[in-house]
Amino acid sequence: MFLTQKSCFFLFLIVFLSALSSVVALGANIICNRIPGLAPKQKEICQRRPDTIVAIGEGARQGISECRWQFRGRRWNCTHLGSEKATFGHVHILGTKEAAYTYAVTSAGVAYSITQACSQGNLSSCGCDRSKLDGQYSPKGWRWGGCSADFRYGLEFARQFVDAREIEHDARSLMNLHNNRAGRKAVKDRMGTECKCHGVSGACTIKTCWTTLPRFREVGDFLMKKYKKSKLARPTKGKRAKTPIVLQLKRSRRTNKKPRRSDLIYLDRSPNYCEYDPDLGSLGTVGRTCNRTSVGTDGCDLMCCGRGYNTHQFTRTWQCNCKFHWCCTVTCQSCSERTEEYTCK
Ligand SMILES: *[C@@H]1O[C@H](CO)[C@@H](O)[C@H](O)[C@H]1NC(C)=O
Ligand SMILES: *[C@@H]1O[C@H](CO)[C@@H](O)[C@H](O)[C@H]1NC(C)=O
Ligand SMILES: *[C@@H]1O[C@H](CO)[C@@H](O)[C@H](O)[C@H]1NC(C)=O
């Protein structure tokens, strides 16, 4: 089966994730050759640093699962990523906003996971941030101590690995590179500081602090805000020979503007995702559950694209009013409730 560079972007992660447990015992050469769809430079990184592969895969998986959570009540819901369909290359990842989010959140996931693996001592090539280890005072009067997350290493590693796929120098690659960077930046900008006080009976005579990763949900939330405001970009002729095309936001007939680094950018308008169209990455919304009372994207009107919905009544039963009797039994009552579920026609 023929797979384009783009359509197998996620494929390699998924296939090798499932195979991972069985291949970790094998040598780097074998692992790296078994992962389908690796770009040459990625294969080289894989061979040089085989211990990072688990963290890369974990990061990509975290990104995809965040995408699914963020889009759970929307027509396009990230499902095709990592599903059987993607595995067989039916899904073409287009230059849409949804692709922009996907690239950003996956690249953020890899940067995050590598940084975390460094802090946990899982990788031989990195650890805690050495520039913040030596008890140096910060301008705010406390000292660096503990294990500061080396996010610079994680970001740079993710840049080298994830960006290595974008070798075509066309508008789509430029878009992906931009969104990959926006994803990494979202991690960097959310790094925090945690502190601990030392001193007799809780007095804060010495305060030591270290940098920490945010919760990944914060990164996903931020990128979701950016997704909602993502900007349409167009390829225009670059000024220098090295950059034959650049992506710019079209403001009016005359003026173009460079996108901001934190912006998500896209090239193609999204389909409405109402109908099944595998070529557009659209699974359609027939059979999707919807919320009859919501006016949001998960509401039946929007979700079902005006086709209407079916109502299923059923009785939900669960254990309730559980009591503990000494000793040692638990008795519960059975509670039930009539509920309805709505699915799109
Ligand atoms: C996402 O969409 C697919 C296909 O329309 C559906 O099968 C799946 O249940 C949806 N997932 C969620 C979490 O709603
Ligand atoms: C680090 O290694 C431990 C033990 O193998 C594992 O449970 C953990 O998930 C790893 N952490 C990362 C971020 O890869
Ligand atoms: C449906 O939407 C309403 C209004 O937004 C919300 O209060 C309710 O919790 C939702 N129900 C479900 C099952 O998600």
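Scroll up to find the structure.
Only a predicted model underlies this, so the values are computations on that prediction, with no experimental measurement involved.

Novice: Teacher, can you tell me more about the site of ligand 1 here?
Specialist: Around ligand 1, the neighbouring residues are Arg72, Asn77, Thr79, Leu283, Gly284 and Arg288. At 2.4 Å, a side-chain N or O of asparagine 77 approaches an oxygen atom of ligand 1. Interatomic distance of 3.3 Å between a side-chain N/O atom of arginine 288 and an oxygen atom of ligand 1. For ligand 1, whose free accessible area comes to 360 Å², the fraction covered by protein is 52%. Classifying every residue of the shell around ligand 1 gives 1 nonpolar, 3 polar and 2 charged.

Novice: So what exactly am I meant to see when it comes to the side chain of threonine 343 here?
Specialist: In this fold, threonine 343 is placed in strand E12 (residues 329–344). Looking at threonine 343, its side chain comes within polar contact range of the side chain of histidine 312, at 2.9 Å. Here threonine 343 is in contact with Gly287, Arg288, Thr289, Tyr309, Asn310 and His312, once residues within four sequence places are set aside.

Novice: Before we go on, may I ask you to explain unusual backbone geometry in this structure?
Specialist: One can expect most non-glycine residues to show negative phi and most peptide bonds to be in trans. In this model, cysteine 327 is joined to cysteine 328 through a cis peptide bond whose omega is 25°. Inspection of the secondary structure assignment puts cysteine 328 in the loop between strand E11 (309–325) and E12. You will see that histidine 169, though not glycine, has its phi angle at about 60°, which is positive. Note that histidine 169 resides in the loop between helix H7 (151–163) and helix H8 (171–188). In this structure histidine 169 comes out as exposed when scored by relative accessible area, which is 65%. One non-glycine residue with positive phi stands out, namely tyrosine 273, at about 60°.

Novice: Explain a positive patch on the surface to me, please; I cannot follow it from the model alone.
Specialist: A surface patch of positive charge is lined by Lys225, Lys228, Lys229, Arg251, Lys257 and Arg260. Residue lysine 257 is classed as partly exposed on the basis of its relative accessible area of 35%.

Novice: Teacher, can you tell me more about the sheet that holds E11 here?
Specialist: Two orientations exist for strands paired in a sheet by backbone hydrogen bonds: parallel and antiparallel. Pairing is antiparallel across the open sheet formed by 3 strands, whose spatial order is E10-E12-E11. The open sheet has two edge strands, strand E10 (289–290) and E11, and neither has a second partner. In terms of strand pairing, E11 meets E12 through 15 bridges, oriented antiparallel. In the sheet register, threonine 317 faces E12, and the bridge partner there is serine 336.

Novice: Would you mind showing me how to read the site of ligand 3 here?
Specialist: Neighbouring residues of ligand 3: Asn291, Thr293 and Ser294. Residue asparagine 291 places a side-chain N or O atom 2.4 Å away from an oxygen atom belonging to ligand 3. With the chains in place, 26% of the 360 Å² that ligand 3 exposes on its own is no longer accessible.

Novice: Is there a simple way to explain the nonpolar core in this structure?
Specialist: The nonpolar side chains of a soluble globular protein tend to be buried with one another. Ranked by size, the top nonpolar core spans 56 residues in total, and within it Tyr101, Ile114, Met175, Val187, Leu223 and Leu264 carry the most contacts. Top element by residues in this core is helix H6 (residues 97–119). It accounts for 12 residues. Contact partners of valine 187, with chain neighbours within four places excluded, come to Ala108, Tyr112, Leu155, Leu213, Pro214 and Val219. Cys290, Cys300, Met303 and Tyr342 belong to the second largest nonpolar core, which has 6 residues in total.

Novice: Help me understand helix H9 (residues 216–228) in this model?
Specialist: Since the α-helix turns once every 3.6 residues, residues separated by three or four places project in the same direction. The end-to-end C-alpha distance of H9 is 19 Å, a good match for the 18 Å that 13 residues give at a rise of 1.5 Å each. Phe216, Val219, Gly220, Phe222, Leu223, Met224, Lys226 and Tyr227 are the residues of H9 that are buried. Buried residues along H9 sit in contact with helix H4 (52–70), H6 and H8.

Novice: Could you clarify how one ought to interpret the sheet that holds strand E5 (residues 245–250) in this entry?
Specialist: Spatial ordering of the open sheet is given by E6-E5-E4-E7, a layout of 4 strands whose pairing is mixed. With one partner strand each, in any of the chains shown, strand E6 (256–257) and strand E7 (265–266) form the two edges of the open sheet. In this sheet, E7 lies alongside strand E4 (residues 231–237) in parallel orientation, the contact comprising 2 bridges. In the strand pairing of E7, lysine 231 is matched with isoleucine 265. Strand contacts of H8: E4, E5 and E7, with the helix running at about 70° to E5, the strand carrying the most contacts.

Novice: Can you help me understand the pairing of E5 in this one?
Specialist: As a general feature of sheets, a regular strand has side chains that alternate between the two faces. Here 5 bridges tie E4 to E5, and the two strands are oriented antiparallel to one another. Note on E5: the bridge partner recorded for lysine 237 is isoleucine 245.

Scoring rules and cut-offs
Per chain, the residues get numbers from 1 upward, laid out in the order the sequence is written. Lettering of chains starts at A and numbering of ligands starts at 1, both following the order in which they are written. Two thresholds apply to this predicted model, a pLDDT of at least 70 for residue-level local features and 80 or more for giving and counting side-chain atom pairs, whereas whole-chain, interface and lining totals are computed over all residues. Just so you know, side-chain values use all the structure's heavy atoms and leave hydrogens and water out. A cutoff of 4 Å decides nearness: a residue is near a molecule or strand if any of its heavy atoms lies inside that distance of it. Under the rule applied, a polar contact is a pair of N or O atoms within 3.5 Å (in protein, one hydrogen donor and one hydrogen acceptor; residues adjacent in sequence only if both atoms are side-chain atoms). Throughout, the Shrake-Rupley method with a 1.4 Å probe supplies accessible areas, and for residues the shown protein chains are the sole cover considered. Residues are grouped as follows: Ala, Val, Leu, Ile, Met, Phe, Trp, Tyr, Cys and Pro are nonpolar; Asp, Glu, Lys and Arg are charged; every other residue, Gly included, is polar. Helical segments are the DSSP runs of H or I of at least four residues, strand segments are the runs of E of at least two, and each set is numbered from the N terminus. Residues count as neighbours in contact if any of their non-hydrogen atoms are within 4.5 Å of one another. The classification of residues rests on relative accessible area computed with a 1.4 Å probe and restricted to protein chains. Under 20% of the type maximum is buried, over 50% is exposed, and intermediate values are partly exposed. Patch definition: residues with relative accessible area over 30% and no salt bridge; like charges joined within 9 Å; nonpolar side chains (Val, Leu, Ile, Met, Phe, Trp, Tyr) joined within 5 Å. For this document, the term salt bridge refers to a Lys or Arg side-chain nitrogen within 4 Å of an Asp or Glu carboxyl oxygen. Charged residues are defined here as Lys and Arg on the positive side and Asp and Glu on the negative side; His and the ends of the chain fall outside this count. To locate a charge, take atom NZ for lysine, CZ for arginine, CG for aspartate or CD for glutamate. Pairing between strands is defined by DSSP: at least two bridges between the two strands are required. Throughout this description, the term nonpolar core refers to a set of buried Ala, Val, Leu, Ile, Met, Phe, Trp, Tyr and Cys residues connected via side-chain atoms within 4.5 Å. A helix is expected to reach a length of 1.5 Å times the quantity of its residues less one. The angle between two axes is taken between their N-to-C directions and runs from 0 to 180 degrees, where each axis is a line fitted to C-alpha atoms and a helix contributes only its stretch in contact.

As far as function goes, none of this settles anything; it's purely spatial.
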